Amino acid sequence: MLGGKGANLAEMASIGLPVPPGFTISTAMCTRYYDEGGAFPDSVRAEVAEGLAHIEGITGKLFGDAVNPLLVSVRSGARASMPGMMDTVLNLGLNDETVAGLAQGSGDERFAWDSYRRFIQMYSDVVLELDHGAFEEALEIAKEDKGVHLDTDLSADDWKALVTVYKGLVEDQWGKPFPQDVHEQLWGAVGAVFGSWQSERAKVYRRLNDIPGSWGTAVNVQAMVFGNMGDTSATGVAFTRDPSKGDRAYYGEFLINAQGEDVVAGIRTPQYLTKAAKDEAGAKAPSMEEAMPVVYAELAKVFDLLETHYRDMQDIEFTVQEGKLWMLQTRSGKRTAKAALKIAVDMASEGLITEEEAIGRVDPLALDQLLHPTLDPEAPRDVVAKGLPASPGAASGLIVFDAETAEQRAERGDSVILVRVETSPEDIHGMHAAKGILTARGGMTSHAAVVARGMGRPCVSGAGTLAIEGKAKRMRVGSGSSAREFKEGDVITIDGSTGEVMAGEVATVQPELAGDFGTLMVWADKVRRLKVRANAETPLDCQTARDFGAEGIGLCRTEHMFFEAGRITAVRQMILAETEKGRRAALDKLLPEQRADFAAIFAIMAGLPVTIRLLDPPLHEFLPHEEAEFQEVANATGLSVEALKQRASELHEFNPMLGHRGCRLGVTYPEIYEMQARAIFEAACDVAEQSGAAPIPEVMVPLVATARELELMKAVIDGAAQAVFAEKGRTLDYLVGTMIELPRAALRAGEIAEVGAFFSFGTNDLTQTTLGVSRDDAARFLGAYVEQGIYAKDPFVSLDVEGVGELIEIAAERGRKARPGIKLGICGEHGGDPASIAFCEKTGLDYVSASPYRVPIARLAAAQAAL
Ligand code: ADP
Ligand code: MG
Ligand code: MG
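Note that the structure is a prediction, hence the values are computed from the model and not measured. By convention here, each chain's residues receive numbers from 1 onward along its written sequence. Chains carry letters from A onward and ligands carry numbers from 1 onward, assigned in written order. In keeping with the predicted nature of the model, local features appear solely for residues at pLDDT of at least 70, side-chain atom pairs appear and are counted solely at 80 or more, and the whole-chain, interface and lining totals rest on all residues.

(A) Examining the overall build of the protein more closely. Starting at the N terminus, helices and strands are each numbered in turn, a helix being any DSSP run of H or I of at least four residues and a strand any DSSP run of E of at least two. Regarding its fold elements, the protein presents 36 helices and 32 strands. Burial is judged by counting other C-beta atoms within 10 Å of a residue's own C-beta: 20 or more means buried, 12 or fewer means exposed, and anything between counts as partly exposed, with every C-beta placed from the backbone. Scored against the burial criterion, the 867 residues of the protein give a buried share of 50%. Expressed as a percentage of contacts within the protein between residues at least 6 apart in sequence, the contacts between residues at least 24 apart total 68%. Placing a C-beta atom from the backbone of each residue, one calls two residues in contact when those atoms lie within 7 Å.

(B) Structural view of the confidence of the model for the protein. On a range of 0 to 100, pLDDT expresses the predictor's confidence in each residue. With 99% of its residues at a pLDDT of 70 or more, the protein shows a mean pLDDT of 92. Per the prediction output, this complex has pTM 0.78; the corresponding ipTM is 0.95.

(C) Summary view of the domain arrangement of the protein. When cut into domains, the protein gives domain 1 (3-223), domain 2 (234-332), domain 3 (373-509) and domain 4 (528-553 + 589-613 + 663-866). Using C-alpha coordinates to define each centre, domain 3 is positioned 41 Å away from domain 4. Residue ranges assigned to the domains are those given by an automatic or database domain assignment.

(D) Here's a closer look at the site of ligand 1. Using a C-beta atom placed from the backbone, a residue is scored as near a molecule or strand whenever that atom is within 6 Å of it. As a matter of local geometry, ligand 1 sits amid 18 residues, with S73, R75, T88, G260 and E317 nearest to it. Elements with a contribution of two residues or more to the shell around ligand 1: β4 (72-78), β6 (217-223), β10 (314-321) and β11 (324-332). The classification used treats Ala, Val, Leu, Ile, Met, Phe, Trp, Tyr, Cys and Pro as nonpolar, Asp, Glu, Lys and Arg as charged, and all other residues, Gly among them, as polar. Here the residues of the shell around ligand 1 sort into 7 nonpolar, 8 polar and 3 charged. Residue contributions to the shell around ligand 1 reach at least three from each of two domains, namely domain 1 (3-223) and domain 2 (234-332).

(E) Broad picture of the nonpolar core. Defined on buried residues, the nonpolar core groups Ala, Val, Leu, Ile, Met, Phe, Trp, Tyr and Cys residues joined through C-beta atoms within 7 Å. Within the largest apolar cluster, 155 residues are counted, with the highest numbers of intra-cluster contacts made by A344, L520 and V848. Take this core: its biggest share by element is 11 residues, from helix α28 (residues 670-691). Setting aside its immediate chain neighbours within four residues, L520 contacts L341, A344, V345, A358, I359 and V362. Core analysis: the second largest hydrophobic core is formed by 103 residues, F119, I417, I428 and A440 among them.

(F) The arrangement of unusual backbone geometry in detail. With phi around 60°, N91 is a residue other than glycine that occupies positive phi space. With respect to the element layout, N91 can be found in strand β5 (residues 89-92). The backbone phi angle of N257 is positive, close to 50°, even though this residue is not glycine. With respect to the secondary-structure elements, N257 resides in the loop between β8 (251-256) and α10 (262-265).

(G) Quick peek at the packing of helix α25 (residues 627-637) against helix α26 (residues 641-650). Where α25 contacts α26, the axes come no closer than 9 Å and their chain directions differ by 110°. By the angle between their axes, α25 is roughly perpendicular relative to α26. For the element pair α25 and α26, the recorded crossing hand is right-handed. Mapping the contact onto sequence places F630, Q631, V633 and A634 in α25 and V641, L644 and K645 in α26. Each residue belonging to the contact of α25 with α26 can be placed in one class, and the counts come to 5 nonpolar, 1 polar and 1 charged. Interaxial angle, 0 to 180 degrees, is taken between N-to-C directions of lines fitted to C-alpha atoms, where a helix line uses only the stretch in contact. Working definition: roughly parallel below 35 degrees, roughly antiparallel above 145 degrees, roughly perpendicular at 65 to 115 degrees, and oblique for all remaining angles. Whether a crossing is left-handed or right-handed is set by the direction in which the near helix is turned from the far one by less than a right angle, anticlockwise for left-handed and clockwise for right-handed.

(H) Structural detail: the environment of V773. In this structure, V773 sits in the loop between α32 (763-771) and α33 (779-787). A tally of 18 C-beta atoms within 10 Å means that V773 is categorised as partly exposed. Taking the C-alpha atoms as reference points, V773 and N8, separated by 765 residues in sequence, lie 45 Å from one another. If sequence neighbours within four positions are ignored, V773 has contacts with Q768 and A778.

(I) Helix α24 (residues 580-604), seen in detail. The span expected for a helix works out to 1.5 Å for each residue beyond the first. Spanning 25 residues, α24 covers 35 Å between terminal C-alpha atoms, matching the ideal 36 Å at 1.5 Å per step. The angle between axes fitted to the seven residues ending at a residue and the seven residues starting there is what we call the bend at that residue. Its axis deflected by about 35° at L590, α24 carries its strongest bend there, up to four residues before the proline P592. Residues of α24 that are buried include every one of A586, L587, L590, Q594, R595, D597, F598, A599, I601, F602 and I604, and no others. If you follow the buried residues of α24, they end up packed against α21 (539-547), β26 (553-557), α22 (558-562), α23 (568-576), β27 (609-613) and α28.

(J) Representation of the sheet that holds strand β20 (residues 474-477). Across the sheet, which stays open at both edges, the 3 strands sit in the order β19-β20-β21 with antiparallel pairing between neighbours. Of all strands in the sheet, those with a lone pairing partner are β19 (466-469) and β21 (484-487), marking the two edges. For this sheet, the mean angle separating the axes of adjacent strands, direction not counted, is 20°. Of the pairings in the sheet, the one linking β19 to β20 comprises 4 bridges and is antiparallel in character. Its bridge partner lying in β20, L466 is registered against V477. Pairing between strands is defined by DSSP: at least two bridges between them are needed.

(K) Region of the structure containing the environment of D525. With respect to the element layout, D525 can be found in helix α20 (residues 515-527). D525 sits in the partly exposed class, given 15 other C-beta atoms within 10 Å. Measuring from C-alpha to C-alpha, the distance between D525 and A862 comes to 8.7 Å, with 337 residues separating the pair along the chain.

(L) Molecular detail of the sheet that holds β5. The strand order across the open sheet formed by 4 strands is β1-β6-β4-β5, and the pairing between neighbours is antiparallel. Edge positions in the open sheet fall to β1 (22-25) and β5, since each of these has one partner strand only. Averaged over all adjacent pairs, the angle separating strand axes in this sheet is 20°, with direction ignored. Where β4 lies against β6, 7 bridges are found, and the strand directions are antiparallel. Bridging across to β6, V72 finds its partner in A223. In the packing of helix α3 (residues 42-59) onto the sheet, the strands contacted are β1 and β6, and the crossing angle to β1 comes to about 165°.

Spelled out as structure tokens, the structure:
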């Protein structure tokens, strides 16, 4: 109701921390504001008057008073933190009269006018939405005229002059003078905060983070405290632990004699909070620990108190006004996957949270960041610049200089690195599309750094030696003869863990799976009920899956094996054969190849179940296209190219996904499935013979709609098994089952279960056939469907629980009734999606199967689902 910021401000005040007084207009008011077409309900006006009186009572200052003016900040705050999305206005309540009062009361004229110019600039930008470039330019000119570099070098008179310039700019651009009425200022700001909820960048952020538009934002109105009152004042941001690596160390930046977002805006280089961090970075400017030891000690106590209170790592904003500490914000800190993992495991070990809570603290999808390769420390690298290690991980890609190009090239399948002087919320879509982000300006808490960490993109920020000319699409390092230039499209590599920027692509190595990762996985495995298998068919993928903890193979797609070099001609020969005899001749060539494939997989998965799906795709997918390919098949078969082309065109289908595929191939050409079954059983017997650990083949028939189809195919498979067992003189346990991927199969699951020993829900096809949406053609309209809320998420990524899910529930129930204890699993893309996994847990499936890199994600998600 109060939004994250408002709720936590109230909470901090209630546990006795120093928080400037204020009040919160609830999120419900934002919703009402929009319901009423952008008008303020009367009750809000009354509440605001009451709130102001409350602040006036505590501070002894009066809003709009010429002698002792109250200044406030107007801050947004939604339920979920949306960094950088909503704009804040500071120093509100200043006008030509109150600025004099502020100067008089503080005895500091410079401070008063600095505050006033900040207010006009912010208000013009956020509320009046004027072009802020003009304001920045005016400031630059003022500094140039004085021959100074830093804002802090300007005097009261300089600021006064700038205020006049600013007011002129407002009048020019807005057509009216800058509002002098403090109440008009206040309502303008409140309206702007509400308005920013529907800004494009807020919408993009919500879409990327699944935040409903109906939540609305709260508005916090709070008495100002001033970090810009000279050298005993400061403003800063901090994390109670390292948000990048997760180490237990205070972490943050601050600036003396500064206000608000100066720290994150990259106006001056911020100073470190702790001496240790400063020394490690080799920075010259003193840390807060050294420059303000007393306040620092107080702040450190607050950090500890907040961590124990919230039982999580906190992201904090604070201001020091003339030696007195004020807390302005706390929230659970965004962190990298690596830090999330370390913090969760550490906090459980420290006894701050339980093991089960630790499991819940790590976003399974974020594990992805840890499971991917990092730069090979041995690989040669051509380092051209060094910035701050703002978000870990390595990325290589083509340089792009703007968000639009990043998005366009990523859509075309390019890996891109977004290179900017600094990023702003307008760049979010480009950052999302990029593999990595590189900026020339900004610290560890800059926009680029915070957003990249949240998105899991590697980021190097503040690489100051880079001269980036975004418009000219060019970046230069060094000067004179050692100067190097990079253009759009040149390849670079960034290492977000070291801050290095390298020319070209650098080799990578596999991640470390022990340590905290291993610990959390052990905890997850303790509470998880669902088994986790992998979708894999190559020995490499099977090995990766097993290393990641897969408990078997849930889907081995045999057609992938058909494409391998050396076999495709035999496959084509089989497809193009006119007779069974011709097909068998080709299948005889494929048998030893398939047997070798299966043997390799069984050896890796020794003792674990391996589900092998018999040939599934429409045959024409394997057809030759090029003349030379036809010629090769002609040579192998003795048929003419002409005849082969004729046969190929006969295989053409209007709607292949619903055509001659799946078990329909087995029904019409049983010899194909017979060969595959034979290869499976021969390989299984051989591996059992050699290793003593018998594999457990689960032979899976695809695209079954009726029990009769499965019956026919099962007879072929059982026949092959009996023949092989007789030849080899041994028997093996095996299962014959089916995929449930057609609605009819789900409905008639009872009969089908009488024949098949297991079901694997093939949710890719089941989604296609249930929704009547072709996965390959959906891109054109699914986006609009999700945007308009027809489907909450892409149903091919996250299971349509209501529709497809109901079919799964029906099939599970009817299948179990016919065959108690029937083995149930899921092998679509959804098997690696945490929300879908939660559904599988609820439905009581036995296992989920996901791509190898998703296995750990599935293990963690399954544990979370079980809790
Ligand atoms: P965001 O949601 O973008 O972090 P905030 O509302 O936290 O925006 O405001 C940004 C910054 O403005 C804060 O970090 C703080 O430094 C400054 N600020 C906000 N309110 C006050 C206040 N009452 N007094 C002094 N500074 C403030
Ligand atoms: Mg902000
Ligand atoms: Mg803030």
